[in-house]
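# What the coordinates show
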Amino acid sequence: MAVRAIVRCSHYQDSMALMRLAEALRALPGVREAAALMGTPANHEMLAVAGLAIPEAKDAAPGDLMIVVSAETDEAATSALDRAAGLLEAKRRVRETAGRAVPRTLESALRQQPDANLVAVSVPGPYAKLVALRALRRGLHVFLFSDNVPLADEIELKQAAARRGLLCMGPDCGTAYLGGVGLGFANEVAPGRIGCVAASGTGLQAVASHLAALGEGISHGIGVGGRDLSAEVGGIMTTAALEALAANPRTEVVVLISKPPAPGVMAELEAAIRTFPKPVVVCCLGAAPRGDGRAPWVRTLEDAAHAAAALARRQPWTARAFTDPAAVRTRLESIRRGRGETRVLGLYTGGTLAWEARLLLEPLLGTVGARLDDRGHRVIDLGGDEFTIGRPHPMLDPEARAARVRQAGRTRDVGVLLVDLVLGRAAHPDPARPLAAAIHDARRAAEADGRALVVAASVVGTERDPQGLARQVTALEAAGAHVLPSNAQAARFAALAVKPDLAPALLGGTG
Amino acid sequence: MSVQSLLEQPLRVINVGLEVFAQALEPDGVSVIHVDWQPPAGGEQAAAILARLDDEGDLA
């Protein structure tokens, strides 16, 4: 085994570009492992943990790029590093021969586009305030994708935005739609009459995708970031977004997507909803649903889309556990049950989807943990901060989750694996493929051990997404997964698979 | 520009950070300029200092 490295000083590349570079190197002959990382302390630690920390790289500073390769032979390692150098050089040449000079600062970008109206910021969290505040001071709205941004920075940014009558969407805002254009991780959804205010990227993606399947469209989807409804931030951007959609002519119905707000903020939010001038659907995942003609509070993301479409069409609507209970029964009959009691393990890339699954499973199965080392049923958000410092998000790098899926196949107490898959323009080009391969391997491993592993899945996406919804669903089904039309239905299916006596309640009839 | 104006006009975006987001806007024909952003030399501590200098510039 040979481990070799090169370091490029003052050569910053964004995390996704680096991930793609590492992926390209891993595919080369003889290469076992490859890492392309900036020389931050966290990344040095990660290299050490991976057995890739070598003297050549140890002096790399945060602004320096380290490329480390572990290969079967010296030749393979050297060859891979040559390829890496070539790829970096090619990228540099593309930059320099581009029609205009690529700006390196906000100020120089504004000289090229003085009538810009939005700055999309996705720099590492500690630098987010620096960039976003400059944009706000120039009178520009901000889409702030960055996470790991200090709470104090968020408060300062949103207060600065509110003072100027500007939007600061985020931090931690994964998705937004403005005038039919998707920002961040967005699915291809037609423009339409439903407006959304979302404290969750994947929550907005799920609602938007369900609306598209129903033949409705999005006027605007304003992201506010995951902490907007906390006591400290106080719902600054949620308030601004609701006001904007109330006044927006294209918006006929509004959907609010979030977790339950802090108690003080909840009271204000309820008041705002009661007096809202248009029909509004509230999906506060974890708050008790309540009926109210023009302002229903619903239990799931899927229900939010259905309720909004019904309000727009002036039609009645009631929540259902399954779109097609007969199909669910057929699937359950085909499941070969293993011995004894087994557990549900959820491995999620979308935090809101994990949250929704946990909320649905707990009343059905009892306690559901959120940590990998929990005993009993557990649903894990693999995109959580503890898994993604210095590492690509599992939505971008499917291999991280694939490894855990394979491990689930070797874990005795796991009877049901529950997963999500998120499509969209900026997402991985074919995320079903690595997940399907891992599901296939996991089921085989379980079978070899005399156990049955049931896999329940749902896909967030639309047919117009580059990955194609139907193709992705087919790939998962071919690997033996049961793909349900929504995350909520997949979670209920998982519960039925471990606890068949839930059937009368969830499926009606004699189960 | 007010929020309402933003919602009623074409987007003209400056993208700072992950290049994939600028690339994702191109098929829509959205006007987008990507900034080849680099962290300030000196890392996160420098960023905090620069942000304070920006503040002082405001007060000046």
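All values reported here derive from a predicted model rather than from experimental measurement.

## Section: the overall build of chain A
What chain A contains, in helices and strands, is 18 helices and 17 strands. Each of the 511 residues in chain A was classed as buried or not, and the buried ones make up 55%. Considering only residue pairs separated by 6 or more positions, chain A has 72% of its internal contacts joining residues 24 or more positions apart. With an accessible surface of roughly 20,700 Å², chain A has 52% of that area assigned to carbon and sulfur atoms. Counting 58 positive and 53 negative side-chain charges, chain A places the averaged centre of each group 2 Å from the other.

## Things to note about the interface of chain B and chain A
Contacts between chain B and chain A engage 42 residues on the former and 59 residues on the latter. Its largest share of buried area at the contact with chain A, chain B owes to Leu7(B), Ile14(B) and Trp37(B), together 16% of the area lost on that side. On the surface where chain B and chain A come into contact, there are four salt bridges. If you look at where chain B meets chain A, you find 18 residue pairs in polar contact (both at pLDDT 80 or more). Of all the secondary structure elements, the ones that give two or more residues to the side of chain B that touches chain A are helix H1 (3–8), strand E1 (12–16), helix H2 (19–25), strand E2 (31–35) and helix H3 (43–59) of chain B.

## Regarding the sheet that holds E2(B)
One open sheet holds the five strands; their spatial order is E6(A)-E5(A)-E4(A)-E1(B)-E2(B), and the pairing between them is parallel. The open sheet is flanked by strand E6 (168–169) of chain A together with E2 of chain B, the only strands paired with a single partner. Pairing geometry for strand E4 (residues 118–121) of chain A and strand E5 (residues 141–144) of chain A, over four bridges, is parallel. Note that in E5(A) the partner of Val119(A) across the bridge is Val142(A).

## Notes on the state of the cysteines
Residue and element names in this part refer to chain A. What the rule picks out here adds up to zero disulfides over all chains. The cysteine Cys283 is free of any disulfide, with Cys284 supplying the nearest cysteine sulfur at 7.6 Å. Looking at Cys283, the relative accessible area reads 0%, which means it is buried. Overall, Cys284 belongs to the buried group, its relative accessible area being 1%.

## Let's talk about the packing of helix H7 (residues 201–213) of chain A against helix H10 (residues 301–313) of chain A
Residues and elements named next belong to chain A. One way to put it is that H7 packs onto H10 with a least axis distance of 8 Å and a crossing angle of 45 degrees. One element, H7, and the other, H10, form an angle in the oblique class. Pair H7 / H10 crosses with right-handed handedness. Contacts between H7 and H10 involve Gly203, Ala206, Val207, His210 and Leu211 from the former and Leu301, Glu302, Ala304, Ala305 and Ala308 from the latter.

## With respect to the sheet that holds strand E1 (residues 2–8) of chain A
All names here are of chain A. Reading across the sheet, the three strands line up as E1-E3-E2 and stay open at both edges, with antiparallel pairing between neighbours. Pairing within the sheet leaves two strands with one partner each, and these edge strands are E1 and strand E2 (31–38). When the angles between neighbouring strand axes are averaged without regard to direction, this sheet yields 10 degrees. Running at roughly 170 degrees to E2, helix H2 (residues 41–49) makes contact with E2 and strand E3 (65–71) of the sheet.

## Focus: the nonpolar core
Ile67(A), Val69(A), Phe143(A), Met169(A), Leu183(A), Leu11(B) and Ile14(B) are the most contacted members of the largest nonpolar core, which totals 98 residues. Looking at which element gives the most residues to this core, the answer is helix H5 (residues 128–137) of chain A, with seven residues. Split by domain, the residues of this core number at least three in each of domain 1 (2–97) and domain 2 (111–313) of chain A. In contact with Val69(A), not counting residues within four places along its chain, are Ala2(A), Val3(A), Arg4(A), Leu25(A), Val31(A), Glu33(A), Ala34(A), Ala77(A), Ala80(A) and Leu81(A). Counting 62 residues, the second-largest nonpolar core is a separate cluster that includes Val298(A), Leu361(A), Leu364(A) and Ala503(A).

## Section: the domain arrangement of chain A
Residues and elements named next belong to chain A. For chain A, the domain assignment lists domain 1 (2–97), domain 2 (111–313) and domain 3 (325–507). Taken together, the seven residues of domain 1 in the interface contact eight residues of domain 3. Taken together, the two surfaces of domain 1 and domain 3 that pack against each other cover about 600 Å², and 64% of this comes from carbon and sulfur. When the buried area of domain 1 at its contact with domain 3 is split by residue, Met16, Met19 and Met46 rank highest and sum to 57% of it. Across the contact surface, domain 1 and domain 3 share zero salt bridges. On inspection of domain 1 and its partner domain 3, the count reaches zero residue pairs in polar contact (both at pLDDT 80 or more). Contributions of two or more residues to the side of domain 1 that touches domain 3 are made by helix H1 (15–26) and H2. In terms of residue class, the side of domain 1 that touches domain 3 is made up of five nonpolar, one polar and one charged.

## Points about helix H17 (residues 487–498) of chain A
Taking 1.5 Å of rise per residue, the 12 residues of H17(A) would be expected to cover 16 Å, and the 17 Å separating its terminal C-alpha atoms lies within 8% of that figure. By the criterion of burial, H17(A) is predominantly enclosed, with 12 of the 12 residues buried.

## Quick look at helix H15 (residues 432–448) of chain A
Spacing of three or four residues puts side chains on the same side of an α-helix, whose turn is 3.6 residues. Residues and elements named next belong to chain A. With 17 residues, H15 extends 24 Å between its outermost C-alpha atoms, agreeing within 8% with the 24 Å of an ideal straight helix rising 1.5 Å per residue. Residues Ala432, Pro434, Leu435, Ala436, Ala438, Ile439, Ala442 and Ala446 constitute the buried set of H15. Just downstream of H15, Gly450 is the residue with a positive phi angle, here 75 degrees.

## Here we look at the environment of Pro500(A)
Residues and elements named next belong to chain A. Its place among the elements puts Pro500 in the loop between H17 and helix H18 (503–507). Given a relative accessible area of 40%, Pro500 falls into the partly exposed group. Taking C-alpha positions, Pro500 is 8.7 Å from Leu332, a pair spaced 168 residues apart along the chain.

## With respect to unusual backbone geometry
Residues and elements named next belong to chain A. Following Gly170, the chain continues to Pro171 via a peptide bond in cis, the omega torsion being 15 degrees. Of note, Pro171 is situated in the loop between E6 and strand E7 (175–178). With a phi angle near 55 degrees, Asn148 is a residue other than glycine that sits in the positive phi range. Tracing the sequence through the fold places Asn148 in the loop between E5 and helix H6 (151–163). The exposure class of Asn148 is partly exposed, given its relative accessible area of 36%. One non-glycine residue, Asp172, lies in the positive phi region at around 65 degrees. Among the secondary structure elements, Asp172 is positioned in the loop between E6 and E7. According to the relative accessible area criterion, Asp172 is partly exposed, its value standing at 42%.

Definitions and limits used
- Residues numbered from 1 in each chain as written.
- Chains lettered and ligands numbered in written order.
- Predicted model: local features only at pLDDT ≥ 70, side-chain atom pairs only at ≥ 80, totals over all residues.
- Heavy atoms only, no water.
- Helix = DSSP H or I, 4+ residues; strand = E, 2+ residues; numbered from the N terminus.
- Buried < 20%, exposed > 50% of the residue type's maximum accessible area, 1.4 Å probe, protein only.
- Contact = heavy atoms within 4.5 Å.
- Areas by Shrake-Rupley, 256 points an atom, 1.4 Å probe, with all protein chains shown as cover.
- Lys, Arg positive; Asp, Glu negative; His and termini not counted.
- Charge placed at Lys NZ, Arg CZ, Asp CG, Glu CD.
- Buried area = accessible area lost by both parts, 1.4 Å probe.
- Salt bridge = Lys/Arg side-chain N within 4 Å of Asp/Glu carboxyl O.
- Polar contact = N/O pair within 3.5 Å; in protein donor to acceptor, adjacent residues only side chain to side chain.
- Pairing = 2+ DSSP bridges.
- Disulfide = S-S within 2.5 Å.
- Axes fitted to C-alpha atoms, helices over the stretch in contact; angles between N-to-C directions.
- Parallel < 35°, antiparallel > 145°, perpendicular 65-115°, else oblique.
- Left-handed = near helix turned anticlockwise from the far one by under 90°.
- Core = buried A, V, L, I, M, F, W, Y, C linked by side-chain atoms within 4.5 Å.
- Domains from an automatic or database assignment.
- Nonpolar A, V, L, I, M, F, W, Y, C, P; charged D, E, K, R; others polar.
- Expected span 1.5 Å × (residues − 1).

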